[in-house]
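Single-letter residue listing:
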Amino acid sequence: MSDTLMVSVSGVRGLVGTDLTPEVVAGWAAAFGTWARDGMRPSGRRAVRPSIVVGRDARTSGPMFASAAIAGLQSVGCDVIDVGLVATPTVQLAVEHHRAAGGIILTASHNPIEWNALKFVGRDGIFLDTGAGTRVRELATGGGNSLPRATYDAIGRVAADADAISRHLAAVLALRGVNVRAIRRRRFRVALDTVRGAGGAVMPELFERLGCRVSAINLETDGLFPRPPEPVPENLKALAALVRRSKADIGIAVDPDVDRLAIVDEKGRPIGEDYAIVDEKGRPIGEDYTLAFAIRAVRPSGRQTVVCNLSTSLVVEDAAREFGARVVRAPVGEAHVARKIIELNAVIGGEGNGGVMYPALHVGRDAPVAAALVLSLLARERATVSELVARAPRYTIVKAKLELGARSREPGKLDQVYAELRRKRRRARTQNG
């Protein structure tokens, strides 16, 4: 395994043509298919032929890798449901809709253009947990020739599903927390940037169904990102200019696989810019407000729970506690948040990177859901984006990395870091009364 092929619980990521090749993709897909097939084997009986959903984002390598993944799945006797170029949450919903044994998404999310990846989804529509991910890795790295391949009469079949996006959008508009009528009455002007990713296939149609007037940039779905693809404030200058030029009520940006959403206010300021949420280098962080706005749209009651990860700022806790809801934090990672939402029957959750998870639809980050909830809030409150932000307290969140473990030259440094944080926290409480 090369230095740049990165394997995690939920998938594998690499540089296209360097270490992520069709052969590698086919091998990992075959391993995932074998895992899915084995999981469907009743005790003492032959395995049932599983169906696996395959979808991809707009990256240039996507069609090639989708073909390789489909071939790998067929080779171990899995049927394939091909949903084509779609958002990541669309694939997750398709897995649930078809009652499939799992799903493979070809996407490197917000990573630069030279990367691609396979993300593995279980039959529950959630990314794999540690146990399942470890087993897929064992199958993939144990030698592809050891996987039981299908004979000529047991090769998997392929069927296309052209309705996955329409089903996704219909489900979003049917959500109780989305006030379609109020949004349509407002006739919002929306400025949109989909960074030439999969968002171009879903976000314009969403806003059209909501009666919004849309001005857009980078709608092409060719994967040729015109800027760094992560929707953080420093990458949204062109969208901010579009907001000002089109006199939009809100600017919305999504990442290439459409599970994260960032906001620009009506003055053309990316949320985070001029607001006191910054990272360790003083750069603005704005995606926390996406989840905070979504929570306010849902209005959780005092008997309900909201889940977020440990890397989310207090603006999210403030939004939940405004309605008396309990806040529980989970480890960083979408799967951790998803499983905690299920465990606690939480009403809403997500991550501070603009990922909203609304279990009324499904337990996965979903930018179309986030957009619909944010517009519902604006319609209900009859306020501007900047006014909503101004109502929240101002915080500074510092996000930094510290190298530890076997590679670190200072493996005992973590205790010192914790001690210093406790000291600073005590001082901060004293200074603020």
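Above this text sits the structure in question.
Bear in mind the structure is a predicted one, so any value in this text is a computation, not a measurement. (Residues numbered from 1 in each chain as written. Predicted model: local features only at pLDDT ≥ 70, side-chain atom pairs only at ≥ 80, totals over all residues. Heavy atoms only, no water.)

1. Here's the deal with the overall build of the chain
Link 1 in the chain: On a plain count of helices and strands, the chain comes out with 14 helices and 15 strands.
Link 2 in the chain: Every one of the 433 residues in the chain was classed for burial, and the buried ones make up 53%.
Link 3 in the chain: A separation threshold of at least 6 residues defines the contact pool for the chain, and within that pool the share at least 24 residues apart is 70%.
Link 4 in the chain: Approximately 19200 Å² of the chain is accessible, and the part contributed by carbon and sulfur atoms is 49%. (Helix = DSSP H or I, 4+ residues; strand = E, 2+ residues; numbered from the N terminus. Buried < 20%, exposed > 50% of the residue type's maximum accessible area, 1.4 Å probe, protein only. Contact = heavy atoms within 4.5 Å. Areas by Shrake-Rupley, 256 points an atom, 1.4 Å probe, with all protein chains shown as cover.)

2. Side note on the packing of helix α9 (residues 288-298) against helix α12 (residues 367-381)
Link 1 in the chain: One can describe the packing of α9 onto α12 by two numbers: an axis separation of 8 Å at closest approach and a directional angle of 60°. Here α9 is positioned oblique relative to α12, judged by the angle of their axes. The interaxial crossing formed by α9 with α12 has left-handed handedness. Along the contact surface, α9 presents Thr290, Phe293, Ala294, Arg296, Ala297 and Val298, while α12 presents Ala370, Leu373, Val374, Leu377 and Arg380.
Link 2 in the chain: Partitioning the contact of α9 with α12 into residue classes produces 8 nonpolar, 1 polar and 2 charged. (Axes fitted to C-alpha atoms, helices over the stretch in contact; angles between N-to-C directions. Parallel < 35°, antiparallel > 145°, perpendicular 65-115°, else oblique. Left-handed = near helix turned anticlockwise from the far one by under 90°. Nonpolar A, V, L, I, M, F, W, Y, C, P; charged D, E, K, R; others polar.)

3. Re helix α5 (residues 164-173)
Link 1 in the chain: Within the span of α5, buried status applies to Ala164, Ile165, His168, Leu169, Val172 and Leu173. Looking down the long axis of α5, one finds its buried residues gathered within 165° of arc, a one-sided arrangement.
Link 2 in the chain: In this fold, the buried residues of α5 make contact with β4 (79-85), α3 (88-98), α6 (180-186), α7 (203-209) and α12. (Arc of directions from axis to C-beta.)

4. Here we look at the pattern of salt bridges
Link 1 in the chain: All told, the structure shown has 22 salt bridges when counted by the stated rule.
Link 2 in the chain: We note a salt bridge from Glu334 to Arg365, for which the minimum N-O separation is 3.2 Å. Highlighted residues: Glu334 in helix α11 (residues 334-344) and Arg365 in the loop between β15 (355-357) and α12, separated in sequence by 31 residues. Each member of the pair, Glu334 as well as Arg365, carries the same accessibility label: buried.
Link 3 in the chain: A salt bridge links Lys340 to Glu343, with the nearest nitrogen and oxygen atoms 3.2 Å apart. Pair noted here: Lys340 and Glu343 are both in helix α11, with a separation of 3 residues, about one helical turn.
Link 4 in the chain: You can call Lys340 partly exposed: its relative accessible area is 23%.
Link 5 in the chain: Three or more residues are tied together by salt bridges with common partners; here these are Asp259, Glu334, Glu351 and Arg365. (Salt bridge = Lys/Arg side-chain N within 4 Å of Asp/Glu carboxyl O.)

5. A short note on the environment of Asp161
Link 1 in the chain: Assignment of secondary structure puts Asp161 in the loop between β7 (158-160) and α5.
Link 2 in the chain: Spatially, the C-alpha atoms of Asp161 and Gly84 are 7.9 Å apart, while their sequence positions differ by 77 residues.
Link 3 in the chain: If we skip the residues at most four places from it in the chain, Asp161 touches Ile81, Asp82, Val83, His98 and Arg167.
Link 4 in the chain: Side-chain polar atoms of Asp161 contact the side chain of His98, separated by 2.8 Å.
Link 5 in the chain: Polar contacts involving the side chain of Asp161 include one to the side chain of Arg167, which spans 2.8 Å. (Polar contact = N/O pair within 3.5 Å; in protein donor to acceptor, adjacent residues only side chain to side chain.)

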